[in-house]
Amino acid sequence: LGGGGEYFTLAQKESIPTFVNSVTQIVTEYGFDGIDLDFESPSLLLNPGDVDFRHPTTPSTVNLITALRQLRERLGPGFMLSLVPEGTQIPGGYAGYGGQFGSYLPLLWGVRDILSFVDVQDYNTPPLQGLDGEIYQIGSADYDAAMTELLLDGFDVCGDPAHFFPGLPARQGVLGVLT
């Protein structure tokens, strides 16, 4: 669901049942075993003042977490959920948190127990900082390694140790590259 140039948000709580029913119908009708969320900027942005990924306040994020949990409840444990965020939306949260930077962190935190995998778009992102403090440019193995390290090892969100984002188990991290 989503993709570059596509805009989607669940800004209104009242939209959750429509989203859940629509996705359920599509998944059932076509025999899909899950969904892949590719909500790029500006679809998933953190509102000003939303500063803790563990307790998000941005309505579209809170509503999306609720909707995804309802989908999983309705479609069962075999239903797969994957996320394909832009680089700024997860590893970008290491250097800054707000707007698009780190915007998938609350979503990832909120569905971590029902998540199948995450594949960060290492190909669709600006240069970003790795855990070693270096700035990495896209298109290199070093970039892919540094961004994957952030995802799997975790990091202090916006450099703040009080807001440590724990890494994902290796089984939930996927590395995809363009050829």
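Residues numbered from 1 in each chain as written. Predicted model: local features only at pLDDT ≥ 70, side-chain atom pairs only at ≥ 80, totals over all residues. Heavy atoms only, no water.

A. Layout of the side chain of Asp 122. Structurally, Asp 122 can be placed in the loop between strand E3 (117-118) and strand E4 (128-129). Despite its burial, Asp 122 remains without a salt bridge, the nearest opposite charge being carried by Arg 171 at 19 Å. With residues near it in sequence (within four places) discarded, Asp 122 still touches Ile 138, Tyr 143, Asp 144, Met 147, Thr 148 and Leu 175. (Helix = DSSP H or I, 4+ residues; strand = E, 2+ residues; numbered from the N terminus. Buried < 20%, exposed > 50% of the residue type's maximum accessible area, 1.4 Å probe, protein only. Lys, Arg positive; Asp, Glu negative; His and termini not counted. Salt bridge = Lys/Arg side-chain N within 4 Å of Asp/Glu carboxyl O. Contact = heavy atoms within 4.5 Å.)

B. Focus on the environment of Leu 81. Within the secondary structure, Leu 81 is located in strand E2 (residues 80-83). The exposure class of Leu 81 is buried, given its relative accessible area of 3%. Here the alpha-carbon distance between Leu 81 and Leu 68, two residues 13 residues apart in the chain, equals 8.3 Å. Not counting residues within four places of it along the chain, the set of residues in contact with Leu 81 comprises Ile 35, Leu 37, Leu 68, Val 111, Ile 114, Leu 115, Ser 116 and Phe 117.

C. Broad picture of empty space enclosed by the protein. The tally for this structure, following the rule as stated, stands at two cavities of 30 Å³ or more. Roughly 60 Å³ of volume is contained in the largest cavity. Every residue lining the largest cavity is listed: Asp 119, Val 120, Asp 122, Met 147, Thr 148, Leu 151, Gly 173, Val 174 and Leu 175. For the lining of the largest cavity, the per-class residue count stands at five nonpolar, two polar and two charged. Approximately 30 Å³ is the volume attributed to the second largest cavity. Along the walls of the second largest cavity sit Phe 8, Thr 9, Leu 10, Phe 39, Ser 43, Leu 44, Ser 60 and Leu 64, which together make up its complete lining. Within the lining of the second largest cavity, the residues separate by chemical class into five nonpolar, three polar and no charged. (1 Å grid on protein atoms, 1.4 Å probe; cavity = no way out; pocket = protein on both sides within 12 Å on 5 of 7 lines; lining within 4 Å. Points joined across faces, edges and corners; volume = space filled by probe spheres on them. Nonpolar A, V, L, I, M, F, W, Y, C, P; charged D, E, K, R; others polar.)

D. Spotlight on the environment of Pro 59. As for its position among the elements, Pro 59 is in helix H2 (residues 59-75). Classification of Pro 59 as partly exposed rests on a relative accessible area of 36%. When the C-alpha positions of Pro 59 and Cys 158 are compared, they lie 21 Å apart, and in sequence the two are 99 residues distant. For Pro 59, the residues in contact, after removing those within four places along its chain, are Leu 10, Ala 11 and Asn 47.

E. Inspection of the side chain of Asp 119 at higher detail. Summarising the element assignment, Asp 119 is placed in the loop between E3 and E4. In this view, Asp 119 contacts Leu 83, Val 84, Pro 85, Val 174, Leu 175 and Gly 176; residues no more than four positions away in its chain are not counted.

F. Region of the structure containing a negative patch on the surface. A surface patch of like charges, here negative, comprises Asp 132, Glu 134, Glu 149 and Asp 153. Mapped onto the elements, Glu 149 comes out in helix H4 (residues 141-153). Using a relative accessible area of 33% as the deciding quantity, one classes Glu 149 as partly exposed. (Patch = residues over 30% accessible without salt bridge, like charges linked within 9 Å, V, L, I, M, F, W, Y side chains within 5 Å. Areas by Shrake-Rupley, 256 points an atom, 1.4 Å probe, with all protein chains shown as cover. Charge placed at Lys NZ, Arg CZ, Asp CG, Glu CD.)

G. Region of the structure containing helix H1 (residues 16-30). With 15 residues, H1 extends 21 Å between its outermost C-alpha atoms, agreeing within 8% with the 21 Å of an ideal straight helix rising 1.5 Å per residue. Its buried side turned inward, H1 meets strand E1 (34-37) and H2. At the C-terminal side of H1, Gly 31 shows a positive phi close to 70°. (Expected span 1.5 Å × (residues − 1).)

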